[in-house]
Amino acid sequence: MPLGSTLTMPIQSWFPTSLYVEPLLANGLARFNRELLEQCYLVRDTDPHGVEWSDEHYVNGYTSYGSMTDLHLRYPHFEDLAKAIGRHAQKFARHLDMDLQGGSLRMSSCWVNIMPANTVHSLHLHPLSVISGTYYVKVPKDASSIKFEDPRLSSMMAAPPKLEGMRPRNQQFVTLQPKAGQVALWESWLRHEVPSNRSEEDRISISFNFDWV
Ligand SMILES: [Fe+2]
């Protein structure tokens, strides 16, 4: 659509960055999540290679990222999770007007993250995928939020800083405080991090990627 035909205001905002947050299931979520929580610890307790990998790469915590990123293909609970998340991913893709051209979005990787106190997940993105996200299994009070960075930040080479009282849409970082049972989705190019967990209890999440196949 040519811009001139829609330009009715002197300033318009374009190129949005979308973040999708919804409860995973409309019904039976508490029970499903309870069972999944047990499965997360079971994965850790039967994954000595992953525990060893985490000692070096995920200090204080455990992630199966270095040992098993196909949990949705290994365990029934994670398979059910992948199916439910897939429905949300389709909804998000429709919101983004993605033309899948006869293909589909398929979960290509899925791994668990257990973050005890003082565990950090540093700034990163998910290259080679289309939609990425996290399902929140356990988010205790005072647990870390997830922080997203304006994807244009590295291009703002000479821009002055933002005013302290800036409008929310001009923020360069957005923080989401998730709740257990929620799934969050974003486009895979969006950089994000999880600051140090300040809760004494474990913060548990399952991360994943969707590819266009
Ligand atoms: Fe991530």
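Rules behind the numbers
- Residues numbered from 1 in each chain as written.
- Predicted model: local features only at pLDDT ≥ 70, side-chain atom pairs only at ≥ 80, totals over all residues.
- Heavy atoms only, no water.
- Axes fitted to C-alpha atoms, helices over the stretch in contact; angles between N-to-C directions.
- Helix = DSSP H or I, 4+ residues; strand = E, 2+ residues; numbered from the N terminus.
- Parallel < 35°, antiparallel > 145°, perpendicular 65-115°, else oblique.
- Left-handed = near helix turned anticlockwise from the far one by under 90°.
- Contact = heavy atoms within 4.5 Å.
- Nonpolar A, V, L, I, M, F, W, Y, C, P; charged D, E, K, R; others polar.
- Donors = N, O, S within 2.8 Å, 3.2 Å for Na, K, Ca; no water.
- Pairing = 2+ DSSP bridges.
- Phe/Tyr/Trp six-rings, centres within 6.5 Å; stacked < 30°, edge-to-face > 60°.
- Lys NZ or Arg CZ within 6 Å of the ring centre and 35° of its normal.
- Buried < 20%, exposed > 50% of the residue type's maximum accessible area, 1.4 Å probe, protein only.

## Topic: the packing of helix 1 (residues 29-45) against helix 4 (residues 76-95)
Turning to step 1, where the next piece is worked out: At a closest axis distance of 9 Å, the pairing of helix 1 and helix 4 adopts a crossing angle of 125 degrees. As the angle between them shows, helix 1 and helix 4 are arranged oblique. Crossing geometry of helix 1 relative to helix 4 is assigned as left-handed. Within the contact between the two elements, helix 1 uses F32, E35, L36, Q39, C40 and V43 and helix 4 uses H77, F78, D80 and L81.
Turning to step 2, where the next piece is worked out: Along the lines of polarity and charge, the residues of the contact of helix 1 with helix 4 split into six nonpolar, two polar and two charged.

## What to know about the coordination of the iron ion
Turning to step 1, where the next piece is worked out: H124 (NE2), H126 (NE2) and H192 (NE2) make up the full set of protein donors to the iron ion, lying at 2.1 to 2.2 Å.
Turning to step 2, where the next piece is worked out: In primary sequence terms, the donor set of the iron ion follows H-x1-H-x65-H.

## Topic: the sheet that holds strand 2 (residues 62-63)
Picture the strands of a sheet paired through backbone hydrogen bonds; they go either parallel or antiparallel.
Turning to step 1, where the next piece is worked out: The six strands are arranged 1-8-5-10-3-2 in an open sheet whose pairing can be described as antiparallel. Looking at strand neighbours, the two that pair on one side only are strand 1 (19-23) and strand 2, the edges of this open sheet.
Turning to step 2, where the next piece is worked out: The sheet contact formed by strand 5 (residues 131-138) and strand 8 (residues 182-187) spans five bridges and is antiparallel. From the neighbouring strand, Y135 faces strand 8, where its bridge partner is V183.
Turning to step 3, where the next piece is worked out: The sheet contacts of helix 1 involve strand 1, strand 2, strand 3 (105-115), strand 5 and strand 10 (203-212), and relative to strand 5 the element is tilted by about 95 degrees.
Turning to step 4, where the next piece is worked out: Strand contacts of helix 4: strand 1, strand 3, strand 5, strand 8 and strand 10, with the helix running at about 50 degrees to strand 8, the strand carrying the most contacts.

## Section: the packing of aromatic side chains
Turning to step 1, where the next piece is worked out: Scanning all chains against the criterion turns up six aromatic pairs.
Turning to step 2, where the next piece is worked out: By the ring-pair criterion, three or more aromatic residues cluster together here, those being W53, Y65 and W111.
Turning to step 3, where the next piece is worked out: Geometry around F173 places K147 over its ring, the cationic atom sitting 4.6 Å from the centre.

## Focus: the environment of P76
Turning to step 1, where the next piece is worked out: Along the chain, P76 falls in helix 4.
Turning to step 2, where the next piece is worked out: Relative accessible area serves as the criterion here: at 55%, P76 is assigned to the exposed category.

## Some remarks on the environment of L25
Turning to step 1, where the next piece is worked out: Locating L25 in the fold gives a position in the loop between strand 1 and helix 1.
Turning to step 2, where the next piece is worked out: Considering only alpha carbons, one finds L25 and I85, 60 residues apart in sequence, at a separation of 9.1 Å.
Turning to step 3, where the next piece is worked out: Aside from chain neighbours lying at most four places away, what touches L25 is F32, A84 and R87.

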